[in-house]
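Report on the structure
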Amino acid sequence: MKFRDLIIKNIFRNKSRSILTVIGIAIGVAAVVGLGLVTDNLSASTQNALTAGAADFSVVSGTSNGNNGGGPPGGSNQLINQTYVSEIQQISGVSSTAGVLRTMTDLSNTNSTNSSSTSTNNTFGGGNFRSMTTLIGIDNSSLSMDDVVITNGSVYSNDNEVIIGKNAAQSLNKTIGENISISNQTFKVVGIYETGNFMDDNGIVMSLSKLQNLTGDTGQVSLVLVKASNDTDASNLASTIEAKYPNQLSTSTSLSGMNRMNNGLDVIKSGSWAVSLLAVLVGGIVVLVTMMKAVSERTREIGVLRAIGWSQKRILSMIIGESLVLSLIAIVVGLAIGIGLVELLSTTQILQGITPSFSASLILKGIGVALFLGIIGGIYPAYRASRLSPTEALRYE
Amino acid sequence: MNNENIIEIKDLKKTYENGVIKALDGINLEIKKGESVSIIGPSGSGKSTLLNMIGALDKADEGSINVAGIDLMQENDLSDFRLNEIGFVFQLHNLIPNLTVLENVQTPLIETVISNKKMEERALKILKSVNLADKINQKPTKLSGGERQRVAIARALVNHPSIILADEPTGALDSKTQDVILDLLLDIHKQENVTLIMVTHEHDVANKAERSIYVLDGKIKEIKKN
Ligand SMILES: Nc1ncnc2c1ncn2[C@@H]1O[C@H](COP(=O)(O)OP(=O)(O)OP(=O)(O)O)[C@@H](O)[C@H]1O
Ligand SMILES: [Mg+2]
């Protein structure tokens, strides 16, 4: 009989305890891998958002809250006159400009009742956050300035056509060629886009003039996207523009929009870290407690093994070996739970738009967690077992 | 050290509970290679403690103890000594319940470099000699008390020890089985020329050994030739 055969036999001795240990470790693995999948996916989308050709910053109303430019909607957005678009274009150092009108609407019951109200106030109040769709009006030639990348189909070429974000395509269950009704008007979906910003990806983009017409904001925009020419420093240019229109306009770099995205991502990341850490901690305690129990139940047997010539090192290896074997089983179980759960949730509203992808580093992380828990949770009980005095162990009832 | 002696003990003392319990209180004893000795005495007199000292399961506080040429007061890691020189047989409950008879007998060999196949061969041979060839794949829980004790004896013998230490090996058996086990131990002792030391409560068991050592309150009261 080999040593490893003995270890394997030992873990089948108390099946319910072994299962408990495996679950303890697997929870840690599942948390790290599952949450890792989600956060990796979110940050990958954010990275994608750094498209070439994107605007350097956006110009918004000086009277509105300066933090509300370009990025995901939130709070009130004062509209500005569309004439600023061409005025800013004239400023030296500006490579290109584009006017954008942004608003939100609840399309969740549009197609049945036509009661959809288009709100220019961007408040979340009336509607459910999840069912709100971002409407973006921008000229089709300027789409890349707003990070919009067509992944399927084509760009809208007239006022009756729109493109929809990949998340909106899912939540509205629409695809290319289908019609969509917004404020009693019917549009044809001609393309699917992606921005990397999960708010914007749940949006619909149409021509600026059409959205202005739809919301009654003719001649108005929410913001002007500005791209600096290659030899101009974007933040200097932004200051120049602010100085030129004191109290009228303020700027907000789209990078700061990105930063805000990243900040949000950081919150999600640290949240998932905290949850993972907690799960790992719980896993560690479960392993520790169950392995301690396994050792104390076998005290007498450990005394016998010492008496027949086993060294302390051998006892130590046996207990650590047992918890490592349990870890190996937990790797499989934990990965299956973690990936399976994300896979499952990604088909629901909760994790909409997340496509879990197996990344080697994440799997390695999961394996690392399991081995760490196996060793850490096993080492103290193993140490205790190896230090048992053989005579005391033999007297143990 | 006298070449004939496999065990030499001088003024050996062992206390427990910070000196409150004097388990061994000055033991002087010499045992010859190939001898059979019984240790008898009332409960709590120190029989098991003495046996455990000889088997290096515990360290004495004072005195000297030399077994098979090794100074047990000096060495720290004595698992090799136990593995190579000592075969322990205990009263009860000393088999690993989830292992078969054959596997139980192999457990000491896990510490050696013997190949898997050799391990099994050796265990099998010894199990045959204790008449358990037909039970090798049973779990210990399915065996009778006498059969279990025969497995324990086989395990004690598997690494060819020079000394067998048996702590009340028949204590939990009925008198008929008791005789079978006792005869087995004495047979092995004679045939293999193994030194046999067994602890017992009972005089008729003790008398089967060549010498009986009567222990009381941690001291040797009497040594008797049988
Ligand atoms: N590990 C220990 N810790 C504390 N006290 C111990 C320990 N081992 C033995 N003793 C005490 O030392 C004394 C001698 O014990 P020992 O086990 O040697 O007796 P014994 O002669 O084998 O008795 P029995 O016939 O009941 O087995 C007893 O008082 C016992 O309680
Ligand atoms: Mg005893």
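These numbers were taken from a predicted model, which means no experiment stands behind them. (Residues numbered from 1 in each chain as written. Chains lettered and ligands numbered in written order. Predicted model: local features only at pLDDT ≥ 70, side-chain atom pairs only at ≥ 80, totals over all residues. Heavy atoms only, no water.)

We now examine the overall build of chain B. What chain B contains, in helices and strands, is seven helices and 10 strands. At a minimum sequence separation of 6, the contacts of chain B that also span at least 24 residues come to 67%. Per element, the accessible surface of chain B, about 10,200 Å² overall, is 45% carbon and sulfur. (Helix = DSSP H or I, 4+ residues; strand = E, 2+ residues; numbered from the N terminus. Contact = heavy atoms within 4.5 Å. Areas by Shrake-Rupley, 256 points an atom, 1.4 Å probe, with all protein chains shown as cover.)

Residue and element names in this part refer to chain B. Taking burial as the measure, the eight residues of helix 1 (residues 47–54) include seven buried ones, the bulk of the element. Considered for burial, the residues of helix 1 that qualify are Lys-47, Thr-49, Leu-50, Leu-51, Asn-52, Met-53 and Ile-54. In the segment just after helix 1, Ala-56 is the residue with positive phi, at about 55°. (Buried < 20%, exposed > 50% of the residue type's maximum accessible area, 1.4 Å probe, protein only.)

Looking now at a nonpolar patch on the surface. All names here are of chain A. A contiguous nonpolar surface patch, about 1,100 Å² in accessible area, is contributed by Leu-278, Leu-281, Val-282, Ile-285, Leu-288, Val-289, Leu-328, Leu-371, Ile-375, Ile-379, Tyr-380 and Tyr-383. Of all the secondary structure elements, the ones that give two or more residues to the nonpolar patch are helix 8 (254–297) and helix 11 (360–387). Here the element with the most residues in the nonpolar patch is helix 8; it accounts for six residues. Given the relative accessible area of 41%, Ile-379 is considered partly exposed. (Patch = residues over 30% accessible without salt bridge, like charges linked within 9 Å, V, L, I, M, F, W, Y side chains within 5 Å. Salt bridge = Lys/Arg side-chain N within 4 Å of Asp/Glu carboxyl O.)

Another aspect to go through is the interface of chain B and chain A. Each side of the interface is counted separately: chain B has 24 residues, and chain A has 21 residues. Between chain B and chain A the total buried area reaches about 2,200 Å² when both faces are included, carbon and sulfur atoms providing 57% of it. Of all residues in chain B, the largest losses of buried area upon contact with chain A belong to Asn-98, Ile-110 and Glu-111 of chain B, amounting jointly to 26% of the total for that side. Across the chain B-chain A interface, the total number found is two salt bridges. For the salt bridge of Lys-9 of chain A with Glu-103 of chain B, the shortest nitrogen-to-oxygen distance reads 2.5 Å. (Buried area = accessible area lost by both parts, 1.4 Å probe.)

Residue and element names in this part refer to chain B. One open sheet accounts for four strands, arranged 2-1-4-5; its pairing is antiparallel. At either end of the open sheet lies a strand with only one pairing partner, and these are strand 2 (21–32) and strand 5 (70–71). Alignment of strand 1 (residues 5–16) against strand 4 (residues 62–67), held across five bridges, turns out to be antiparallel. Within the sheet, the bridge partner assigned to Lys-10 lies in strand 4 and is Ser-64. (Pairing = 2+ DSSP bridges.)

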